[in-house]
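# Fold and contact review
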Amino acid sequence: MTVTPLGIPRRMLVFTLDGEEARVPEGSTILDACRAAGKDVPTLCEGDTLRPKNACRVCVVEVEGARTLVPACSRTAEPGMEVRTDTERARHSRKVVLELLASSVDLSTTPKVAGWLKEYEAKPDRFGPDAARLNEEPKVDNDLYVRDYDKCILCYKCVDACGDQWQNSFAISVAGRGFDARIAVEHDAPLTDSACVYCGNCIEVCPTGALSFKSEFDMRAAGTWDESAQTETTTVCAYCGVGCNLTLHVQDNEIVKVTSPHDNPVTHGNLCIKGRFGYQHVQNRD
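The following refers to the structure shown. Only a predicted model underlies this, so the values are computations on that prediction, with no experimental measurement involved.

What counts as what
Residues numbered from 1 in each chain as written. Predicted model: local features only at pLDDT ≥ 70, side-chain atom pairs only at ≥ 80, totals over all residues. Heavy atoms only, no water. Salt bridge = Lys/Arg side-chain N within 4 Å of Asp/Glu carboxyl O. Buried < 20%, exposed > 50% of the residue type's maximum accessible area, 1.4 Å probe, protein only. Helix = DSSP H or I, 4+ residues; strand = E, 2+ residues; numbered from the N terminus. Pairing = 2+ DSSP bridges. Expected span 1.5 Å × (residues − 1). Core = buried A, V, L, I, M, F, W, Y, C linked by side-chain atoms within 4.5 Å. Contact = heavy atoms within 4.5 Å.

## Overview of the pattern of salt bridges
Applying the stated rule across the entire model yields 18 salt bridges. R75 is paired through a salt bridge with E78; the nearest N and O atoms lie 3.9 Å apart. Note that R147 and D141 form a salt bridge whose closest N and O atoms lie 2.7 Å from each other.

## Thoughts on the pairing of strand β11 (residues 245–251)
Burial of β11 is extensive: seven of the seven residues sit out of reach of the surface. Where strand β10 (residues 231–236) meets β11, six bridges bridge the pair, whose relative direction is antiparallel. Following the sheet pairing, T233 is matched in β11 by L248. Sheet analysis places β11 next to strand β12 (residues 254–259), joined by five bridges and oriented antiparallel. Following the sheet pairing, T247 is matched in β12 by T259. Taking the residues between adjacent antiparallel strands as the criterion, β11 and β12 are bridged by two residues, where D252 takes a positive phi near 55 degrees.

## What to know about helix α2 (residues 88–104)
Its 17 residues give α2 an end-to-end C-alpha distance of 24 Å, which sits within 8% of 24 Å, the value for a rise of 1.5 Å per residue. Buried residues of α2: A90, R94, V97, L98, E99, L101, S103 and S104, and no others.

## Some details on the environment of D252
Within the secondary structure layout, D252 lies in the loop between β11 and β12. In this structure the C-alpha to C-alpha distance between D252 and T110, which are 142 residues apart in sequence, comes to 23 Å.

## Structural notes on the nonpolar core
Y145, C158, I172, I183, C202, I203 and L211 are the most contacted members of the largest nonpolar core, which totals 22 residues. Elements with a contribution of two residues or more to this core: α4 (157–162), β8 (182–185), α5 (201–205) and β9 (211–213). Per element, the largest residue contribution to this core is three residues, and it comes from α4. Once residues lying within four places of it in the same chain are set aside, the contact partners of I172 are C158, V159, C162, I183, A184 and C202. Counting 19 residues, the second-largest nonpolar core is a separate cluster that includes A33, V41, V70 and A72.

Structure, rendered in structure tokens:
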């Protein structure tokens, strides 16, 4: 028999969202309410398995009585509050944030961002080529995953996933300050000399592709990566008895990467090195 944890029932609260009544469980964020109402509020740094970091500020909305725009991903909904998600002020703020991000880093592998740039009529080219924050080659120092910091928006999700929120390896941190800030391993040492255990949970939460499977990186470089041609099959990892769920991403009858469902009560999207990267034996045809 499968036991489904229901948790403690939460009271429903009512507030106004874009002029309409919204009802959400107590403790929900404004972003939770927006998604429940089918409103497409963009966000990059928010993760459904991590505590909000408020780093990207793409999800800002206007709250009646608030002096500044508030991040929908972390602001808790309150009874009677009036929230507007599509005001000129909020749209202008999102537009500028998207322009700053797209002008400073490579967002070519960031899901949905191309549509947002078009929707908000963002023009990142107006900042010129000197706006690029970094200009370095991808770090390919192992056979499992690649670090391409030219795509990094400093959302800190990888730091949190590697730190006290999930893995507790603390292999990833922020080095430098201001414009020189960047994601690095301790003392900016090579990854192979760090505390990294190659679980790949940082890849799972990366929103831009700055961290990616070596297999995906190679296929993109060869022009063969095609998500529309991929199928996803969820199964159970066979390496141990924990029961982690694996989602196999298959293209041309080959496993190209492995993820895990974020709503799974065992993994919450996390895996170990065997579960995430140890799939080669399945398709070893030599």
